[in-house]
Amino acid sequence: MSDEELIVEFALTRLDHPGLDLEEVAALVVRRGGPERMVEFAGQTLVHRDELRGAVFPAAVEHVLRVVLMLRGPRD
């Protein structure tokens with residue numbers, strides 16, 4: 001999944017759940033993606049951290065948040 005596709009998925013999920021904070025929305029995106037997507041996201045986080053192991057779900061959520069915040073840019 002490209003970063004742009006991930007942003008769209010995140011935005012649609014956030015529209016469905018406006019009361020949730022960013023981390024909760026990211027967790028929903030990971031859960032909706034299923035096990036294969038979760039492992040993909042977690043792997044990207046571990047590569048970014050230069051680590052060999054880590055908890056899959058939290059690492060996957062971290063990836064989603066990192067992409068969202070990076071593409072969101074600095075806040076004024």
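Above this text sits the structure in question.
Along each chain, the written sequence defines residue order, and numbers are assigned to residues from 1. Given that the model is predicted, a residue must reach a pLDDT of at least 70 before its local features are reported, and side-chain atom pairs must reach 80 or more before they are shown or counted; all residues, however, enter totals for whole chains, interfaces and linings. The basis for every side-chain value is the complete set of non-hydrogen atoms in the structure, without hydrogens or water.

### Quick look at the pattern of salt bridges
Where side chains of opposite charge bring their charged atoms close, a pairing between them can arise.
Thinking step 1. Here, a salt bridge means any Lys or Arg side-chain nitrogen found within 4 Å of an Asp or Glu carboxyl oxygen. Applying the stated criterion across every chain yields a total of four salt bridges.
Thinking step 2. R32 is the salt-bridge partner of D16, the closest N and O atoms lying 3.8 Å from each other. Taken together, the positions of D16 in helix α1 (residues 3–16) and R32 in helix α2 (residues 22–49) put the pair 16 residues apart, joining distant regions of the chain.
Thinking step 3. The class of R32 is partly exposed, set by a relative accessible area of 44%.
Thinking step 4. As a salt-bridge pair, R66 and E62 come within 3.5 Å of each other at their nearest N and O atoms. Numbering of helices and strands starts at the N terminus; helices are DSSP runs of H or I of at least 4 residues and strands are runs of E of at least 2. A simple rule labels every residue: compare its accessible area, found with a 1.4 Å probe on the protein chains alone, to the largest value its type can have, and call it buried under 20%, exposed over 50%, or partly exposed in between.

### A closer look at a nonpolar patch on the surface
Thinking step 1. Taken together, V8, L12 and L15 make up a surface patch of nonpolar side chains, about 310 Å² in accessible area.
Thinking step 2. As for its position among the elements, V8 is in helix α1.
Thinking step 3. Look at V8 and you get partly exposed, because its relative accessible area is 48%. Residues forming no salt bridge and having over 30% relative accessible area are the ones grouped into patches, like charges within 9 Å of each other and nonpolar side chains (Val, Leu, Ile, Met, Phe, Trp, Tyr) within 5 Å. Methods summary: accessible areas were calculated by the Shrake-Rupley approach with a probe of 1.4 Å, and residue burial reflects only the protein chains presented.

### Regarding the packing of α1 against helix α3 (residues 56–72)
Thinking step 1. Interaxial distance between α1 and α3 falls to 10 Å at its minimum, and their mutual angle equals 100°. Compared by their axis directions, α1 and α3 come out roughly perpendicular. Contacts between α1 and α3 involve D3, L6, I7 and F10 from the first element and H63, V64, V67, V68, M70 and L71 from the second.
Thinking step 2. When grouped by side-chain class, the residues that make up the contact of α1 with α3 number eight nonpolar, one polar and one charged. Whenever a helix is involved, its axis is fitted only over the stretch in contact; in every case the axis is a line through C-alpha atoms, and angles between N-to-C directions fall within 0 to 180 degrees. Each angle is binned into one of four classes, with values under 35 degrees roughly parallel, values over 145 roughly antiparallel, values of 65 to 115 roughly perpendicular, and all other values oblique. In what follows, a contact means two residues having at least one pair of non-hydrogen atoms within 4.5 Å. Side-chain classes follow a simple rule in which Ala, Val, Leu, Ile, Met, Phe, Trp, Tyr, Cys and Pro form the nonpolar group, Asp, Glu, Lys and Arg form the charged group, and the remainder, Gly included, forms the polar group.

### Focus on the packing of α2 against α3
Thinking step 1. Packing of α2 against α3 brings their axes to within 5 Å, and their N-to-C directions diverge by 95°. Classified by the angle their axes make, α2 and α3 are roughly perpendicular.
Thinking step 2. Residue classes in the contact of α2 with α3 are distributed as 17 nonpolar, four polar and six charged.

### Considerations on α1
Thinking step 1. Given a helix with a known number of residues, its expected span is that number minus one, times 1.5 Å. Between the first and last C-alpha of α1 there are 20 Å, a value that for 14 residues agrees with the 20 Å anticipated at 1.5 Å per step.
Thinking step 2. For α1, every residue scored as buried is listed here: L6, F10 and T13. Buried residues along α1 cover an arc of 65° about the axis, so they all sit on one side. Among the exposed residues of α1, those pointing more than 90 degrees away from its buried face are E4 and L15.
Thinking step 3. Check the buried side of α1 and you find it contacts α2 and α3. Here the arc refers to the set of directions running from the helix axis out to each C-beta atom.

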